[in-house]
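Fold and geometry: a report
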Amino acid sequence: MSAALLLAALSFAGCATGPAAPADPVSSTSSGTAGALSGELTVFAAASLKNAFEQISTEFEADHPGVDVRPLVTDGSQVLATQLAEGAAVDVFASADEANMDRVRDLVAEPRPFATNTMIIAVPTGNPAGIAGLEDLADPGRIVVLCAVEVPCGAASAALFENAGLTPAPDSLEQNVSAVLTKVAAGEADAGLVYRTDAAAGEVDIVEAEGAADVVSRYPIAAVRGAANSEAAAALVDFVTGVEGQRILKSFGFGAP
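Structural notes, computed from the coordinates. (Residues numbered from 1 in each chain as written. Predicted model: local features only at pLDDT ≥ 70, side-chain atom pairs only at ≥ 80, totals over all residues. Heavy atoms only, no water.)

Close contact between helix H3 (residues 50–63) and helix H10 (residues 243–251) brings their axes to 9 Å; oriented N to C, the two are set at 145°. Relative to H10, H3 is oriented so that their crossing is right-handed. Across the interface between the two elements, Ala52, Phe53, Gln55, Ile56 and Glu59 from H3 touch Glu244, Gly245, Arg247, Ile248 and Leu249 from H10. Across the contact of H3 with H10, the residue classes tally to five nonpolar, two polar and three charged. (Axes fitted to C-alpha atoms, helices over the stretch in contact; angles between N-to-C directions. Helix = DSSP H or I, 4+ residues; strand = E, 2+ residues; numbered from the N terminus. Left-handed = near helix turned anticlockwise from the far one by under 90°. Contact = heavy atoms within 4.5 Å. Nonpolar A, V, L, I, M, F, W, Y, C, P; charged D, E, K, R; others polar.)

The next point concerns the packing of aromatic side chains. Tallying each qualifying case throughout the model produces five aromatic pairs. Between the aromatic rings of Phe53 and Phe114, the centroid separation amounts to 5.9 Å while the plane-to-plane angle is 55°, which identifies the pairing as tilted. One end of the pair, Phe53, is in helix H3; the other, Phe114, is in strand E6 (residues 112–117), and 61 residues separate them in sequence. Neither Phe53 nor Phe114 differs from the other in exposure class; each is buried. Judged by centre distance (5.8 Å) and plane angle (75°), the ring pair of Phe60 and Phe239 falls under edge-to-face. In this pair, Phe60 is assigned in helix H3 and Phe239 in helix H9 (residues 230–241), connecting sequence segments 179 residues apart. Look at Phe60 and you get buried, because its relative accessible area is 0%. Among the aromatic residues, those joined into a cluster by ring pairs are Phe53, Phe114, Tyr195, Tyr219 and Phe254. (Phe/Tyr/Trp six-rings, centres within 6.5 Å; stacked < 30°, edge-to-face > 60°. Buried < 20%, exposed > 50% of the residue type's maximum accessible area, 1.4 Å probe, protein only.)

Here you go:
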């Protein structure tokens, strides 16, 4: 009888032990997480984004120490789109308008809106010519500098004048907004139309442009298809459109997308 009881006890112990418990799912996959981002990243950005994107690059690198964002390539969006279409080695393209992004739509991933901007009149410090509003920029007696119409800031300026029923009388047409701002700041023009964000960063005074709130420039960003550093490119797009990127852009005066 005692032998039977012993056999039963041994059988019960074997059943209680059972198979080993499965490994913790988190610890079992932790060794399979993706490696940190690394390598160089080349970014094309509209001229009006220069200051904001320099800070974005710095903070993105701080978040991803293995990534080196090369010095930004900034110019008019139409110039950058042309270079991209001609085969320039680029990872990310940020345009000041949707039209130039559409020009390279087959070369980029799905564009994502990330900022807005409006136009304002920039005048030299002290406003020596006494510019009071948009109508003064249609006065042939004034020295006025604008962006060329094929440039996003030029297209926005043209829409502003058209809405106001005015015909501008520019003495110079520039290929990016930075060139307009530079000439005004140097006193080479009585006034120019620039983005609000550029005027805030430049050594100029500003005059409100009537109807500017109705002409909004919308900025899209996209990773380039076949980019040399596609993972970092996608991460930068996420950063720009995410909380931190939006905080930086807002600090430079850009509106929400």
